[in-house]
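Survey of secondary and tertiary structure
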Amino acid sequence: MYNIVADCSDNVPTRYLVNDACVLSGKPLVSASALRMEGQLTVYNYRGGPCYRCLYPKPPPPETVTNCSDGGVLGVVPGIMGCFQALEVLKIASGQGSSCGQQLLMFDAQDVKFRSIRLRPKQASCAVCGENPTVTHLVDYEKFCGSAATDKCRRLNLLSKDQRVSVQEYKSIMDHTAAHLLLDVRPLVEVDICHLPTSLNIPLSSLENRNSEHIHVLKERIGQVKEQMSSESQVPVYVICKLGNDSQKAVQVLERMSGSEVDCVTAKDICGGLMAWAQKIDPSFPQY
Ligand SMILES: [Zn+2]
């Protein structure tokens with residue numbers, strides 16, 4: 001027997017599953033989440049307010065979802081959000097009630113700021129809580145979302161075999177000082193924690209958005225490597241990130257840019273990223 005549900009899950013399929021179960025059983029859903037330096041809190045399906053599906057009728061494309069193992073999270077942030085979540089559960093349980101029913105609390109840990117935004121109301125067209133629901137029992141949520149109900153790192157496989165090198169192969173390239181560019185595509189906050197000494201940091205998002213300042217630096221560095229090369233061949237660019245997913249996306253972006261936006265390059269992904277480097281090459285390299 002239960003009356004209130006707290007969603008502390010870390011993936012999209014579970015969020016839809018818990019939401020639908022709460023709507024179908026008429027229970028309020030106290031939902032909290034955290035990623036990097038940000039947290040969010042709201043109560044769904046509460047006193048006529050919207051449910052999760054009212055706000056997100058369609059699951060996001062799986063490749064656009066950043067989970068905590070890819071994106072990172074500062075452990076204190078989920079701790080703070082968890083406390084607020086517990087507070088709302090206790091307020092509802094004790095009859096005082098929550099004011100988060102149509103409101104989203106957002107916490108920015110970087111600037112230590114809270115903001116509250118009003119959510120859009122319950123939607124008459126909602127598939128589960130609307131006027132003509134099409135979801136009347138729990139369905140296959142992994143199928144619905146196209147992703148697994150886990151936060152564990154999805155291993156993307158976007159590239160062909162010849163577009164990837166292992167950390168061992170990269171180690172030997174590095175040791176034999178062949179002219180190349182090592183591009184680290186993690187966010188700066190992670191690069192500050194640890195990085196390989198020769199790497200150039202341009203976050204994946206800057207590549208994707210063609211951030212002009214970053215692209216300028218990239219062009220310059222590619223030009224420098226080209227000068228060191230004796231032959232006229234393409235500049236080898238090795239791309240690394242934490243786990244080897246973002247680096248694959250970056251290789252694809254670089255290939256589109258090669259020969260037009262930047263000099264011709266041959267971009268390759270370093271499989272498994274810096275965590276594979278820490279495990280297989282340099283045990284003293286920080287794992288985070
Ligand atoms: Zn709804």
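Residues numbered from 1 in each chain as written. Predicted model: local features only at pLDDT ≥ 70, side-chain atom pairs only at ≥ 80, totals over all residues. Heavy atoms only, no water.

**So, the environment of Glu-227**
The line we're drawing: Numbering of helices and strands starts at the N terminus; helices are DSSP runs of H or I of at least 4 residues and strands are runs of E of at least 2.
Locating Glu-227 in the fold gives a position in helix α9 (residues 212–228). Taking C-alpha positions, Glu-227 is 28 Å from Ser-205, a pair spaced 22 residues apart along the chain.

**Digging into the packing of aromatic side chains**
Cut-off, in case you're wondering: Two rings from Phe, Tyr or Trp (for Trp, the six-membered ring) form a pair when their centres are within 6.5 Å of each other. A pair whose planes differ by under 30 degrees is stacked, one over 60 is edge-to-face, and the rest are tilted. Buried means the residue's accessible area, taken with a 1.4 Å probe over protein chains only, is under 20% of the maximum for its type, while exposed means over 50%, and partly exposed covers the values in between.
Counted under the stated rule, the structure contains 8 aromatic pairs. Pairing Tyr-16 with Tyr-52 gives two aromatic rings, centres 5.0 Å apart and planes at 75 degrees, and the pair type is edge-to-face. In this pair, Tyr-16 sits in helix α1 (residues 12–25) while Tyr-52 sits in helix α2 (residues 52–55), placing the two residues 36 residues apart along the sequence. On the accessibility criterion, Tyr-16 (0% relative accessible area) is buried. Between Tyr-170 and Trp-277, the aromatic rings sit 6.2 Å apart at their centres with planes inclined by 55 degrees, giving tilted as the arrangement. You can see Tyr-170 sitting in helix α6 (residues 167–175) and its partner Trp-277 sitting in helix α11 (residues 273–280), a full 107 residues away along the chain.

**Re the sheet that holds strand β10 (residues 265–270)**
Defined as follows: Two strands are counted as paired when DSSP detects at least two bridges linking them. Contacts are assigned to residue pairs that have any heavy atoms within 4.5 Å of one another. Throughout, an axis means a line fitted to C-alpha atoms (over the contacting stretch in the case of helices), and angles, computed between N-to-C directions, take values from 0 to 180 degrees.
Spatially, 5 strands are ordered β6-β10-β9-β7-β8 in an open sheet, and the strand pairing comes out parallel. In this open sheet, the two strands that pair with only one neighbour each are β6 (164–165) and β8 (200–201). Here α9 sits on the sheet and contacts β7 (181–184), β8, β9 (235–240) and β10; the angle it forms with β7, its principal contact strand, is near 155 degrees.

**Here we look at the pattern of salt bridges**
Under the convention used in this document: The salt bridge criterion pairs a side-chain nitrogen of Lys or Arg with a carboxyl oxygen of Asp or Glu, the two atoms within 4 Å.
On inspection of all chains with the given rule, the structure shows 8 salt bridges. Residue Lys-249 is joined to Asp-246 by a salt bridge in which the shortest nitrogen-to-oxygen separation is 3.9 Å. Within this pair, Lys-249 and its partner Asp-246 are both found in helix α10 (residues 246–257), separated by 3 residues, close to a single helical turn. Lys-249 gets classed as buried once you look at its relative accessible area, which sits at 18%.

**Details of the domain arrangement of the protein chain**
What counts is decided by this rule: In this entry, domain limits derive from an automatic or database-based domain assignment.
Here the protein chain is described as being made up of domain 1 (5–145) and domain 2 (161–280). Centre-to-centre, using C-alpha coordinates, domain 1 lies 37 Å away from domain 2.

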